[in-house]
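A closer look at the structure
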Amino acid sequence: MEAVDIELPPMDNETARSTNSCSGYHEKVLKTLLLLAVFIICALIAVVVYQDLAPCQPKAATSKNNPLPQRFYDENYMRYLAYFPPGSRSNPSYLTKREVLWQADACGTQLNREPSDPLFFTSNQNIPLEPAVTGFMGQFGTYRFLSMFEMMAMFIGEEKHGMWRFQENGFIRVYRDKSSNVGIFPVERKRAIESGLYYVDAEKYTKDDTLLGILKNHYMNVNPALDFDYAFGDDTSIIINTNGRRVEVLNWIDLPIYHEKFTRKYRNHAPIDTPAYFCQVSSDNFPHAKVAWQLITAQEKANKVGPLGIRAGLDIKENFHKIIRFNQFPGATAWANIGQGNPDTDQRPKTLKEMGERNQTVNYQAIDQDKVEIEIYLAERGYSNSSVTYLQFIVVMMDKTDPEAYTYLRPDGYYYDVLVKRNTNAKNINQEPRFNFKISIRGEEEQKRVYSTVVYALSNLNRPKFGLTGGGCPAKGGDIIDYPWGNPGSGFETNYEEVIPVCDAILIDIRFWTNLGDPLDDPAVKIGNSGIGYNSTKIAEYVTQPNFYGRFTDPYNVKNNIQNPDELDFTTDHKMQGPKNHTDENVTFRIDFGKIGTLNKVNFPENIDIAPVSCVAESENKNDYCGP
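Definitions and limits used
Every chain is numbered on its own, with residues counted from 1 as its sequence reads. Local features in a predicted model are, by the rule used here, given only for residues with pLDDT of at least 70; side-chain atom pairs are given and counted only at 80 or more, and totals for whole chains, interfaces and linings are based on all residues. Based on all heavy atoms of the structure, the side-chain values leave hydrogens and waters out of the count. In DSSP terms, a helix is any run of H or I states spanning at least four residues, a strand is any run of E spanning at least two, and both are numbered starting from the N terminus. When a residue's accessible area, from a 1.4 Å probe over protein chains only, is under 20% of the maximum for its type it is buried; when over 50% it is exposed; and in between it is partly exposed. Should DSSP find at least two bridges between two strands, the strands are regarded as paired. Side-chain rings of Phe, Tyr and Trp, where Trp is taken by its six-membered ring, are said to pair if the distance between their centres is within 6.5 Å; with planes under 30 degrees apart they count as stacked, over 60 as edge-to-face, and otherwise as tilted. The rule for a charge over a ring is simple: NZ of Lys or CZ of Arg within 6 Å of the ring centre, and within 35 degrees of the ring normal. Here a cavity denotes a set of grid points, spaced 1 Å apart and computed over the protein atoms alone, in which a 1.4 Å probe fits but from which it cannot get out, and a pocket denotes an open set meeting protein on both sides within 12 Å along at least five of seven lines; residues with an atom within 4 Å of a point are reported as lining. Grid points are joined across faces, edges and corners, and a volume is the space filled by probe spheres set on the points. Here the term charged refers only to Asp, Glu, Lys and Arg, the term nonpolar to Ala, Val, Leu, Ile, Met, Phe, Trp, Tyr, Cys and Pro, and the term polar to all other amino acids, Gly among them. N or O atoms closer than or at 3.5 Å make up a polar contact, with two conditions inside protein: a donor-capable atom paired with an acceptor-capable one, and, for residues adjacent in sequence, both atoms drawn from side chains. The charge count treats Lys and Arg as positive and Asp and Glu as negative. His and the chain ends do not count. For this analysis, a salt bridge means a side-chain nitrogen from Lys or Arg found within 4 Å of a carboxyl oxygen belonging to Asp or Glu. By the convention used here, residues are in contact when the closest approach between their heavy atoms is within 4.5 Å. A residue's pLDDT is the confidence the predictor assigns to it, expressed on a 0 to 100 scale. For this analysis, a nonpolar core means a set of buried residues of the types Ala, Val, Leu, Ile, Met, Phe, Trp, Tyr and Cys, connected via side-chain atoms within 4.5 Å.

Once that is clear, we can look at the overall build of the protein. Helices and strands together make up the secondary structure of the protein, namely 11 helices and 26 strands. When burial is assessed residue by residue, the protein has 44% of its 628 residues classed as buried.

In structure tokens:
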């Protein structure tokens, strides 16, 4: 068959374009597939390298040979978290600067220093980095968080947290070291106490150096290094003394704060005449907040007590071992139960019969803090002489409309006797227990009566259901001992029994902060010349890449001849520099700050043990990890 030529109609532009593209279609497909294969191979290589080198990628779990914490990124909070897996802290077992400055050189933070650099733990300004620690504690499934960032400590927990009232009685209880073969005989108790008060009133008290020596050397306040097993036990024990005889000695003895054993450091102490409100907010030894608490309390501004706290005895170190004063965040407040207006139902029922016949009516309203002065603390304290301690939340209040309305002083005992001897005005302090009281309420002209509740805590609706004991308000002050059994008090062994707890009459929002560094309004703190190497002079030197900065080019400004009065010309040719045609020569200039820059003083105590610890209450869970 012969070939036949066929004349085709002319193609339009779009058809021509499509036809010409088809001629190279297969070639383009092959190139695309080749590029895709190369991309996949490169991506696989990058993933392998990233897994091994990328600073933001989680590191392998720490080991005995790598004690630094595992790091991982929490997208919810946009920050790094440090976590020590179980057993990873066997050696070394103490805190290092690396572990509380774990943010140093984290990816994307532009520290740009080598770990070998002596200034590795400083900013580019040579400002030393400050610890970043956080922890938590919990009770009854309710959690509170304790943190310190940039020398700001925060304690955040639930709103309307209930408290119990207590008042210190001016005594410190000391306990005999169980390993000692020396002790005070029961008949010597009075003489032993008075031996330490001889310096106050030599005419009234007799000094016995032997008994005073026994008290100083064999009776101690809480001391984890000593062995005490009778914290809630008998008053006396039978021991074998140095002569091999069986003798009965005192296990503990209460000494007034003025006693010589305490080196007269409280001899000028203000009268302890003011109650406080408290609640235990942690479990035994607060395992999840251990490092945060120890670092916070190591700072110079820690362990400072205000005037109301002193009147409540919170500065007595033997009773309150460590303490931090906090401020409330704006919007947080304290609350008082003023009832619903019917005194018959606002008062708590006192018998089982009464509980079955009526409900207690409660009504919590905000305390007027323009009229009521409040000091807030978090303190470490144990019960009796147990080496196990807890974090206790404490509030002290004074209603300025009646400053002495809450005061009380028992007119009896060695503390009262010495106080009156040293301060004749002490006789004028109220000596009648205040079982009921009033307080100023926001929006109310008159003070309102405050009512206690019948419960252990409003947050504990059913303690037995969750394996907890009790549930009722202890109703009296003093040593809580074996609550809820027997006749327990509601607080500590050095509390007045007649200052009753008024359970959950007062609530507070746990939203607190405090500054552990220099005052935030100090004009010299962390200014430009505060960094290491600069903080001995008022002048700091700056280095920059040159350019012509600030020239207006917006058409509106050009048309109206509006020029920038703040133009900066760091160039020799008075031209803007580009990314490829700029000079490599940097420009140096100096700024005179007119003052020497200062830094916060940060204490990095070396004896903070962050070895993993077990939760005491869950010790049967051998694999449980609770710290630091």
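Pairing in this open sheet of 4 strands is antiparallel, and the strands run β6-β21-β15-β16 from one edge to the other. The two strands at the open ends of the sheet, each matched to only one other strand, are β6 (161–162) and β16 (364–366). Of the pairings in the sheet, the one linking β6 to strand β21 (residues 506–508) comprises 2 bridges and is antiparallel in character. Residue Gly162 lies in a different strand from β21, and its bridge partner there is Leu507.

This model, assessed by the stated rule, comprises 23 aromatic pairs. Relative to Phe437, the ring of Tyr406 lies with its centre 5.6 Å away and its plane at 80 degrees, an arrangement referred to as edge-to-face. Taken together, the positions of Tyr406 in the loop between β18 (389–399) and α10 (413–422) and Phe437 in the loop between α10 and β19 (438–439) put the pair 31 residues apart, joining distant regions of the chain. On the basis of relative accessible area, Tyr406 is assigned to the buried category, the value being 10%. The class of Phe437 is buried, set by a relative accessible area of 7%. Between Arg381 and the ring centre of Phe320, over which it is positioned, the NZ or CZ distance is 4.7 Å. Taking the ring centre of Tyr456 as reference, the NZ or CZ of Arg463 above it sits at 4.0 Å.

Before going further, it helps to spend a moment on the layout of surface pockets. Put simply, the largest pocket is a space of about 1,400 Å³. Residue lining of the largest pocket: 47 residues in total, with Gln139, Phe140, Gln280, Ser282 and Ser283 positioned closest to the centre. Secondary structure elements with two or more residues in the lining of the largest pocket: β3 (132–139), β4 (142–149), β6 and β13 (276–280). Per-element accounting of the lining of the largest pocket gives the leading share, 4 residues, to β3. For the lining of the largest pocket, the class distribution of residues is 25 nonpolar, 15 polar and 7 charged.

A word on the side chain of Arg173. By the element assignment, Arg173 lies in strand β8 (residues 171–176). We classify Arg173 as buried; its relative accessible area is 10%. Polar contacts involving the side chain of Arg173 include one to the side chain of Asp254, which spans 2.7 Å.

With respect to the helices, strands and loops of the structure, Glu380 is situated in strand β17 (residues 372–382). Although Glu380 is buried, it makes no salt bridge; Lys322 carries the closest opposite charge, 4.5 Å away. Engagement of the side chain of Glu380 in a polar contact is seen with the side chain of Thr389, the distance being 2.8 Å. Not counting chain neighbours up to four residues away, the residues in contact with Glu380 comprise Phe286, Trp293, Asn319, Phe320, His321, Lys322, Thr389, Tyr390 and Leu391.

One open sheet accounts for 3 strands, arranged β9-β8-β12; its pairing is antiparallel. One side of each edge strand has no neighbouring strand; the edge strands of this open sheet are β9 (219–220) and β12 (252–256).

Proximity of charged atoms lets side chains of opposite charge pair with each other. Throughout the structure, instances matching the rule amount to 24 salt bridges. A salt bridge links Lys526 to Glu150; the nearest nitrogen and oxygen atoms lie 3.3 Å apart. With Lys526 in the loop between β22 (511–515) and β23 (539–544) and Glu150 in the loop between β4 and β5 (152–156), the pair connects residues that are 376 residues apart, well separated along the chain. With relative accessibility at 46%, the residue Glu150 sits in the partly exposed group. The partner of Arg264 in a salt bridge is Glu260, with the nearest N and O atoms 3.0 Å apart. For Arg264, a relative accessible area of 33% translates into the label partly exposed. It is possible to trace a salt-bridge network through shared partners that takes in Glu130, Glu150 and Lys526.

Here the residue pair Tyr483 and Pro484 is connected by a cis peptide bond, since its omega of 5 degrees sits within 30 degrees of zero. With respect to the secondary-structure elements, Pro484 resides in the loop between β20 (448–449) and β21. Unlike most non-glycine residues, Asn303 shows phi in positive territory, near 60 degrees. Position of Asn303 relative to the elements: it lies in the loop between α6 (290–297) and α7 (307–311). The residue Ala475 is not glycine, and still its phi comes out positive at about 75 degrees.

Here we take up the confidence of the model for the protein. With 80% of its residues at a pLDDT of at least 70, the protein reaches an overall mean of 83. Note on residues 47–94: pLDDT under 50 across the span, and 84 contacts to partners over four residues away in sequence or across chains. Overall, residues 616–628 carries pLDDT values under 50, and its contacts beyond four positions in sequence, including any with other chains, amount to 25 contacts.

Only one face of β5 is buried: it carries Ala153 and Phe155, and the other face, with Met152, Met154 and Ile156, is open. By the bridge criterion, 5 bridges tie β4 to β5 in an arrangement that is antiparallel. For Phe145, the partnering residue across the bridge sits in β5 and is Ile156. Linking β4 back to β5 in an antiparallel pair, the connection comprises 2 residues, with Glu150 at a positive phi of about 50 degrees. When β5 meets β22, the two strands line up antiparallel, connected through 5 bridges. Note on β22: the bridge partner recorded for Ala153 is Thr514.

This next bit is on the nonpolar core. Counting 53 residues, the largest nonpolar core has Phe155 and Phe393 as its most contacted members. It is α6 that provides the largest number of residues to this core, a total of 5 residues. What Phe155 contacts, discounting residues up to four positions off in sequence, is Met137, Arg144, Phe145, Leu146, Val281, Phe326, Leu378, Phe393, Ile510, Arg511 and Phe512.

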